[in-house]
Structure formats: structure tokens, C-alpha cells
Amino acid sequence: MAILKLQIDDFDEIDYDLIAIHSVLEEYRLAYLINQKLPILLNKSKEEVEIHTKEGDAFFSKFTFSDFQKDVQWTLIPNKNEIIVKKKSTGQNLFLNEQVEIATKIYLLSELKKVDYFLKIENNQGDIDTNQVLKSIQSIDKIAAVYIVDPEKIKSKNNLIF
């Protein structure tokens with residue numbers, strides 16, 4: 001009987017382009033404006049991306065579009081989310097030993113904390129010119145910066161598997 005061995009490196013291949021977006025726009029507004037500039041139709045997905053951290057679990061909403069002709073998947077996802085953590089108050093204050101709620105920011109990619117959104121383009125086999133995508137997104141008002149991120153340099157790239 002033959003033994004089939006799978007190496008971890010077989011699944012470690014990066015087959016997506018990642019675009020960082022700095023903007024003050026709300027995610028639904030940004031998705032709408034990207035739809036206006038690019039030939040895609042981002043829709044809010046019912047599925048959310050769950051990230052487990054020591055502070056707690058965070059859920060990130062996402063907007064997706066599947067281009068079946070080119071077999072390309074587009075995903076717009078925020079990098080920042082806020083969770084409410086309940087902790088017991090310690091120290092000398094008025095609310096000693098009371099449950100207090102503390103808001104904590106959680107990042108999808110913690111090493112890129114200044115990025116507001118990511119646009120992930122999966123299975124791009126050269127059909128989509130990412131430089132043209134950058135120019136189109138940059139032309140949107142209230143976009144401060146847009147650039148390509150090298151996924152190889154990201155430590156927490158496993159958070160991008162969804």
C-alpha cells in the first residue's frame with residue numbers, strides 16, 4: 001500500500017494580491033464607491049471572519065464579489081474592530097471589585113495597525129492589473145493612501161485565510 005505524504009509547504013502558497021487602503025469612510029460606503037470605480041459588485045457577506053486573541057474573539061465583516069468568468073474572488077475587509085471586555089475593577093477607586101466594560105481594539109493584521117481596510121484579490125493569474133486597481137481606488141474621495149502589501153512579509157497572514 002502506497003503512503004501519501006503531504007508537506008505543510010504544499011498549502012503555504014500565496015495566491016492572492018493584497019491592497020491596503022487608508023480611509024475614514026465607513027465600510028459599506030467604501031464598498032459602494034469601489035463598485036462605482038471597478039467592474040465589480042461587492043456585497044456584504046453573511047459570514048464574518050473570526051479572530052481569536054487573548055482579549056477575546058473579534059468578528060470582522062466582509063464584502064465579497066466572485067467573478068466566475070475569471071475565477072477571481074474579491075474581498076474587502078476592515079483591519080480594525082472593537083470588542084467590549086468585561087473585567088473586574090482593581091485598585092483604589094469608587095468601583096472597587098465591580099465588573100467594568102473596557103473597549104479594546106483588535107486588528108486583523110496587527111503589524112499593519114494604521115491600515116483601515118484590505119482588498120484581497122484571490123486567484124489573480126494576471127487577468128487583473130493591480131496597478132490599474134490602485135489608480136481607480138486612489139481616485140475615490142476620502143482615500144488617503146492605497147498600496148500593495150507583500151503577503152510574504154506579514155507575520156499574521158493566517159488571519160487572511162477565510
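In case you missed it, the structure is sitting above this.
The structure reproduced in this document is the subject of the present report. Every value quoted in this text rests on a predicted model; they were computed, and no experiment measured them. (Residues numbered from 1 in each chain as written. Predicted model: local features only at pLDDT ≥ 70, side-chain atom pairs only at ≥ 80, totals over all residues. Heavy atoms only, no water.)

## Quick notes on the nonpolar core
Basically, it comes down to this: Here, the term nonpolar core denotes a set of buried Ala, Val, Leu, Ile, Met, Phe, Trp, Tyr and Cys residues that are joined through side-chain atoms within 4.5 Å. Only protein chains enter the accessibility calculation, which uses a 1.4 Å probe; a residue is then buried when its area is under 20% of its type maximum, exposed when over 50%, and partly exposed in between. Under the DSSP-based scheme used, a helix requires at least four consecutive residues in state H or I and a strand at least two consecutive residues in state E, with every element numbered from the N terminus. By definition in these notes, contact holds between two residues if any of their heavy atoms fall within 4.5 Å.
One finds Ile21, Ile34, Leu42, Trp74 and Leu76 to be the most contacted residues of the largest nonpolar core, which totals 25 residues. Those elements that provide at least two residues to this core are strand S1 (16–23), helix H1 (27–37), strand S5 (63–67), strand S6 (72–78), strand S9 (117–122), helix H2 (130–138) and strand S10 (143–149). With residues near it in sequence (within four places) discarded, Ile34 still touches Ile21, Ile40, Leu42, Leu76 and Ile140.

## Notes on the environment of Glu122
With respect to the helices, strands and loops of the structure, Glu122 is situated in strand S9. In this structure, the C-alpha to C-alpha distance between Glu122 and Val72, residues 50 residues apart in sequence, is 5.6 Å. Not counting the four nearest positions on each side in its chain, Glu122 is found in contact with Asp15, Tyr16, Asp71, Val72, Gln73 and Thr75.

## With respect to the layout of surface pockets
Quick reminder of the rule: Every definition here rests on a 1 Å grid over the protein atoms only: cavities are sets of points where a 1.4 Å probe fits but cannot get out, pockets are open sets enclosed by protein on both sides within 12 Å along at least five of seven lines, and lining residues have some atom within 4 Å of a point. Grid points are joined across faces, edges and corners, and a volume is the space filled by probe spheres set on the points. Classification used: nonpolar for Ala, Val, Leu, Ile, Met, Phe, Trp, Tyr, Cys and Pro, charged for Asp, Glu, Lys and Arg, polar for all others including Gly.
Roughly 170 Å³ of internal volume is contained in the second largest pocket. Lining the second largest pocket we find Leu38, Pro39, Ile40, Phe65, Asp67, Lys70, Trp74, Asp127, Ile128, Asp129, Gln132 and Val133. Sorting the residues of the lining of the second largest pocket by element identifies S5 and H2 as the ones contributing at least two each. Residues that form the lining of the second largest pocket fall into these classes: seven nonpolar, one polar and four charged.

## With respect to the pattern of salt bridges
Test applied: Whenever Lys or Arg places a side-chain nitrogen within 4 Å of a carboxyl oxygen from Asp or Glu, that contact is recorded as a salt bridge.
Tallied over the full model, the rule gives two salt bridges. Of the charged contacts in the structure, one is a salt bridge between Lys62 and Glu47, with a shortest N-O distance of 4.0 Å. Of the two residues, Lys62 is situated in the loop between strand S4 (57–60) and S5 and Glu47 in the loop between strand S2 (43–44) and strand S3 (49–52); the sequence distance between them amounts to 15 residues. The class of Glu47 is exposed, set by a relative accessible area of 56%. Its salt-bridge partner being Lys80, residue Asp116 comes within 3.1 Å of it at the nearest N-O pair. Note that Asp116 is positioned in the loop between strand S8 (99–107) and S9 and Lys80 in strand S7 (residues 80–88), a separation of 36 residues in sequence. Residue class for Lys80 comes out partly exposed when judged on its relative accessible area of 30%.

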